[in-house]
Amino acid sequence: MFEPGFDQAAGLRAEPPTRGPVLMPVASPAQPARAYEMLCTLAAGLTAQGRAVVIVDGTTHESTGRERHDGAHLGLMRVLQDLSIAHLERPQDGSDWLVMPGAAGLQALQETAQAAGAAVALSRMLAPFSTGVIVLLFAPAFSLAGLLHGTNARALVPVIEQPQSSIDAYGAVKLLHNAGLVPVLAPLPGAAPAALQTVVQTVADTAQRHLGVAPEAWPVATWALRVPESALARPRPTHASGYHGLVPGALRTERAAAVLAPSLWS
């Protein structure tokens, strides 16, 4: 159990990336503008490797419209509720990657995790996406902690060179660590590399001093290689609970059997 590279989430990452969609959590900071830049840098690197990327933005609420069927306008909540929407992979408008709002869907998945466990919530989260897709879940650290509590999953924490970023990044590291995840610092290069290194070192030193952990820091050049290796795969199906918390109470019983149908796990 203590072998290098092994952790409690290893089983979730054991399947080859091509056999199913995978999830990489990314903590959104208090000022998300530079973090969006980080997301685009990561998505571009993964796309250059031939990987399909979906960004689920848990900081943005879904639309109620039905303009498109690829999930971009419908958002996460809609694709979770509508079992006919499946195999999401690339946007229909020719963009490099699909971006979906997901605040409501993420809230529902947190309820699922609280009631039935993180593995069930993760399965539900990844069910609408195609084989080989890398889902970047951009959301506040407390939301990621609620969804993936106890999984020991790696979660990226963006770090920028502004001094106040150290407070924000450490807060995310603390939340994720206390929830049983493994925070990884993702410094975003800017015009002041020395200042960025100071912020990263401050966060690492503070985490070591107060939490007893030494978070890794992944240089930008390694993101596209490390993310596929560290992302969470969809767990094997379980019939332990029919709860998924994604539809109103009147429909919940009717949809529960469909959610657990074998086709969701194929």
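A quick note: this is a predicted structure, and the numbers were derived from the prediction, not measured.

**Structural notes on the overall build of the protein**
- On a plain count of helices and strands, the protein comes out with nine helices and seven strands.
- Burial status across the protein gives 53% buried among its 266 residues.
- Contacts spanning at least 24 positions in sequence make up 79% of the contacts within the protein whose residues lie at least 6 apart.

**Points about the packing of helix 6 (residues 165-178) against helix 7 (residues 193-211)**
- Running from N to C, helix 6 and helix 7 point in directions that differ by 40 degrees, and their axes come no closer than 9 Å. By the angle between their directions, the pair helix 6 and helix 7 is classed as oblique. Like other packed secondary-structure pairs, helix 6 and helix 7 cross with a definite hand, here right-handed. Where helix 6 approaches helix 7, its residues Ser165, Ser166, Ala169, Tyr170, Val173, Lys174, His177 and Asn178 are matched on the opposing element by Val199, Thr202, Val203, Thr206, Ala207, His210 and Leu211.
- Of the residues contributing to the contact of helix 6 with helix 7, the split by class is seven nonpolar, seven polar and one charged.

**Topic: the environment of Ala195**
- Within the element layout of this structure, Ala195 appears in helix 7.
- Note: C-alpha distance between Ala195 and Pro163 (32 residues apart in sequence) is 7.9 Å.

**With respect to the packing of aromatic side chains**
- Counted under the stated rule, the structure contains one aromatic pair.
- Both rings, one in Tyr36 and one in Phe138, keep their centres 5.1 Å apart while their planes meet at 50 degrees; by these two values the pair is tilted. Residue Tyr36 is located in helix 1 (residues 33-48), and its partner Phe138 is located in strand 4 (residues 134-139); the two are separated by 102 residues in the primary sequence.

**Looking at helix 3 (residues 103-116)**
- With 14 residues, helix 3 should cover 20 Å at 1.5 Å per step; its first-to-last C-alpha distance of 20 Å lies within 8% of that length.
- Against strand 2 (53-57), helix 2 (76-81), strand 3 (98-101), helix 4 (118-126), strand 4 and helix 5 (141-147) lie the buried residues of helix 3.
- A positive phi of about 105 degrees marks Gly117, the residue just after helix 3.

**A closer look at the confidence of the model for the protein**
- Confidence along the protein averages 82 in pLDDT terms, with 78% of residues attaining 70 or more.
- Scored below 50 in pLDDT, residues 247-266 makes 32 contacts in the model with residues more than four places away or belonging to other chains.

**A few points about the environment of Gly45**
- With respect to the helices and strands, Gly45 occurs in helix 1.
- Taking the C-alpha atoms as reference points, Gly45 and Ala221, separated by 176 residues in sequence, lie 8.8 Å from one another.

**Considering the pairing of strand 5 (residues 154-159)**
- The buried count for strand 5 comes to six of six residues, which makes it a mostly enclosed element.
- In strand 5, alternate side chains face the same way, and those of Arg154, Leu156 and Pro158 on one face and Ala155, Val157 and Val159 on the other are all buried.
- With six bridges connecting them, strand 5 and strand 6 (residues 182-187) associate as parallel partners. Within the sheet, the bridge partner assigned to Ala155 lies in strand 6 and is Pro183.

**Regarding unusual backbone geometry**
- The phi torsion at His87 lies on the positive side, around 55 degrees, for a residue other than glycine.
- Given the relative accessible area of 62%, His87 is considered exposed.

**Looking at the pattern of salt bridges**
- Following the criterion strictly, the structure yields two salt bridges and no others.
- In this structure, Glu216 and Arg154 form a salt bridge, with 3.8 Å as the shortest nitrogen-oxygen distance. Taken together, the residues Glu216 in the loop between helix 7 and helix 8 (223-230) and Arg154 in strand 5 connect sequence positions 62 residues apart.

**Examining the side chain of Glu161**
- As for its position among the elements, Glu161 is in the loop between strand 5 and helix 6.
- On the accessibility criterion, Glu161 (17% relative accessible area) is buried.
- Those residues in contact with Glu161, other than ones at most four positions away along the chain, are Arg34, Leu188, Gly190, Ala191, Ala192, Ala195, Leu196 and Val199.

**Notes on the side chain of Gln110**
- Relative to the helices and strands, Gln110 is located in helix 3.
- Overall, Gln110 belongs to the buried group, its relative accessible area being 15%.

**Re helix 8**
- Looking only at helix 8, the buried set comprises Trp223, Ala224, Val227, Pro228 and Ser230.
- In this structure, the buried side of helix 8 is in contact with strand 1 (22-27), helix 1, strand 4, strand 5, strand 6 and strand 7 (232-233).

How each quantity is defined
Residues numbered from 1 in each chain as written. Predicted model: local features only at pLDDT ≥ 70, side-chain atom pairs only at ≥ 80, totals over all residues. Heavy atoms only, no water. Helix = DSSP H or I, 4+ residues; strand = E, 2+ residues; numbered from the N terminus. Buried < 20%, exposed > 50% of the residue type's maximum accessible area, 1.4 Å probe, protein only. Contact = heavy atoms within 4.5 Å. Axes fitted to C-alpha atoms, helices over the stretch in contact; angles between N-to-C directions. Parallel < 35°, antiparallel > 145°, perpendicular 65-115°, else oblique. Left-handed = near helix turned anticlockwise from the far one by under 90°. Nonpolar A, V, L, I, M, F, W, Y, C, P; charged D, E, K, R; others polar. Phe/Tyr/Trp six-rings, centres within 6.5 Å; stacked < 30°, edge-to-face > 60°. Expected span 1.5 Å × (residues − 1). pLDDT = per-residue confidence, 0-100. Pairing = 2+ DSSP bridges. Salt bridge = Lys/Arg side-chain N within 4 Å of Asp/Glu carboxyl O.

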